[in-house]
Amino acid sequence: MHSKAFAPEYQGALTAMSVNSSLTDVLAKGTQHLRAAEVSGSQQEVARSGLAVAEAHRRLGNVEEADRAWKASYRAARSAGDLGAMAWALWSGGTLARQRGALALAFRLLGLAADMGKRGGDVVARGYSLAGLAETGRIQGDYQAVAALHEQLLAEARKRGEARHTVWALEGIAQIHRNTGSYDTALAMFEEAAQIAGKADDRRGRAWALRGMADIVSLRDDDTERALSLLAEAELTCREMKLSSALAYNHKMRANVLFRARRYGEARHVYEEALAEFRAMGEPRGEALARLGLVKALAHLGRDHAETAAELDELRRTLDRIGLRHARDMVDKAHAELGVVPLATVAGEGDDRR
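Since the structure is predicted, the reported quantities are computational estimates derived from the model, not experimental observations.

Q: Looking at this structure, I do not really get the packing of aromatic side chains. What am I missing?
A: Both the distance between ring centres and the angle between the ring planes are used here to describe each pair of aromatic rings. By the definition in use, this model includes 6 aromatic pairs. With centroids separated by 4.7 Å and ring planes inclined at 70 degrees, the aromatic side chains of Y249 and F278 adopt a geometry described as edge-to-face. You can see Y249 sitting in helix α12 (residues 244–260) and its partner F278 sitting in helix α13 (residues 264–281), a full 29 residues away along the chain. Through a chain of ring-to-ring contacts, three or more aromatic side chains come together here, namely W88, W91 and Y128.

Q: Help me understand the packing of helix α1 (residues 23–40) against helix α2 (residues 43–60), please; the structure alone is not making it clear to me.
A: The relative placement of two packed helices is expressed as an angle between their axes plus a distance between the axes. As a packed pair, α1 and α2 sit with axes 8 Å apart at the nearest point and diverge in direction by 155 degrees. Our classification of the angle between α1 and α2 gives roughly antiparallel. When you trace α1 past α2, the crossing you get is left-handed. Contacts between α1 and α2 involve L23, T24, V26, L27, G30, T31, H33, L34, A37 and E38 on the former and, on the latter, E45, V46, S49, G50, A52, V53, A56, H57, R59 and L60.

Q: Got a minute to help me understand the side chain of T166 in this structure?
A: Inspection of the secondary structure puts T166 in helix α8 (residues 163–179). One polar contact links the side chain of T166 to the main-chain carbonyl oxygen of E162, over a distance of 2.8 Å.

Q: Looking at this structure, I do not really get the packing of α12 against helix α14 (residues 284–300). What am I missing?
A: Running from N to C, α12 and α14 cross one another at 25 degrees; their axes reach a closest spacing of 11 Å. Classified by the angle between their axes, α12 and α14 sit roughly parallel to one another. Remark: the crossing between α12 and α14 carries left-handed chirality. On α14, the residues that touch Y249, K252 and F259 of α12 are R285, G286, L289, A290, K296, A297 and H300.

Q: Help me out: how do you make sense of the confidence of the model for the protein in this one?
A: Fine structural detail should not be taken from predicted coordinates in areas where pLDDT scores are low. Per-chain confidence: the protein averages 91 in pLDDT, with 96% of residues scoring 70 or above. Across residues 345–354, where pLDDT falls below 50, the model places 5 contacts with residues more than four positions away in sequence or in other chains.

Q: Looking at this model, I keep getting lost on unusual backbone geometry. Mind explaining?
A: Peptide bonds are mostly trans, and most non-glycine residues show a negative phi. In this model, D201 sits at a positive phi of 60 degrees, which is unusual for a non-glycine residue. Structurally, D201 is set in the loop between α9 (183–200) and α10 (203–219). Although it is not a glycine, D222 adopts a positive phi angle of roughly 60 degrees. Position of D222 among the secondary structure elements: in the loop between α10 and α11 (224–240). The class of D222 is exposed, set by a relative accessible area of 54%.

Q: How should I be thinking about the nonpolar core in this particular structure?
A: In terms of nonpolar packing, the biggest core is built from 102 residues, with Y10, W70, L90, L153, M213 and Y271 touching the most fellow members. The residues contacting Y10, other than those within four sequence positions of it, are T15, M17, S18, L23, V26, A52, R59 and R204.

What counts and what doesn't
- Residues numbered from 1 in each chain as written.
- Predicted model: local features only at pLDDT ≥ 70, side-chain atom pairs only at ≥ 80, totals over all residues.
- Heavy atoms only, no water.
- Phe/Tyr/Trp six-rings, centres within 6.5 Å; stacked < 30°, edge-to-face > 60°.
- Helix = DSSP H or I, 4+ residues; strand = E, 2+ residues; numbered from the N terminus.
- Axes fitted to C-alpha atoms, helices over the stretch in contact; angles between N-to-C directions.
- Parallel < 35°, antiparallel > 145°, perpendicular 65-115°, else oblique.
- Left-handed = near helix turned anticlockwise from the far one by under 90°.
- Contact = heavy atoms within 4.5 Å.
- Polar contact = N/O pair within 3.5 Å; in protein donor to acceptor, adjacent residues only side chain to side chain.
- pLDDT = per-residue confidence, 0-100.
- Buried < 20%, exposed > 50% of the residue type's maximum accessible area, 1.4 Å probe, protein only.
- Core = buried A, V, L, I, M, F, W, Y, C linked by side-chain atoms within 4.5 Å.

So, in structure tokens, the structure goes:
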């Protein structure tokens with residue numbers, strides 16, 4: 001049995017805020033309480049309110065504001081000697097680093113957060129930080145290293161009846177299965193996540209689960225209309241809650257679905273929309289993935305092979321720099337799919353033994 005979803009990152013005076021609160025409301029109330037805490041001189045409350053401000057900014061795509069907010073929250077927590085609040089601030093900073101494509105920094109900050117949560121006796125902060133480490137490794141494509149951690153966190157979340165964390169873990173494991181070709185298992189886990197999220201009133205978690213389901217029914221079943229319907233339902237939640245990042249990824253998936261249906265002109269326009277959204281929020285991973293989809297759509301619409309090859313080579317270097325192994329493999333597959341020879345091979349630079 002799972003409890004109703006709650007948002008442990010909304011702390012102090014903001015504890016009563018729902019996991020489904022609009023991010024603009026969270027930001028407004030968080031800022032209000034932060035100012036009051038600063039006037040009162042309570043560093044602990046400054047840290048707790050500042051955490052909500054940092055998370056609202058991050059999820060709204062306000063990267064620079066989020067960076068300043070989590071660091072200010074950490075300084076206040078350190079001043080108050082509150083190890084738990086320090087852990088949460090580091091978790092926020094590590095999550096932001098992952099969002100910005102700084103994976104090495106994300107690993108460092110989330111590792112510090114997990115250690116700080118353990119030292120401070122904050123089980124939830126430690127759990128979220130370990131989850132962040134697992135997600136960072138999964139995004140990087142290092143599935144063997146993080147699959148066991150995902151399973152461990154899922155078991156712990158189920159035991160405690162924490163719906164939101166259970167949903168997160170199910171979605172992470174489902175994504176690993178999807179990326180390794182186990183589509184039936186992936187779909188079953190995405191469906192379970194959507195069901196749990198729905199019963200727990202976790203609208204954000206359900207929106208991400210619906211996106212995963214749409215991906216599988218498009219990829220495995222070639223059911224374009226059902227996939228688009230699932231994405232349309234998820235998009236309503238993203239817009240109502242102002243989930244900028246989730247909305248951009250929703251649009252990228254919509255473009256993927258259209259691309260698979262060979263509706264290349266429509267896919268092109270939606271990839272361009274997603275690309276603009278990712279660029280506006282400074283999210284390089286999403287930007288690179290949207291660019292890859294756009295390159296493929298343009299190639300099918302008759303773009304010059306040399307231009308396609310040049311951009312694919314640039315994308316591969318970008319993904320190597322970020323450290324996204326799975327996405328880098330997608331670029332290699334795109335070369336084969338489009339019949340485009342990598343420029344490095346054409347120039348005689350494809351031999352790594354030099």
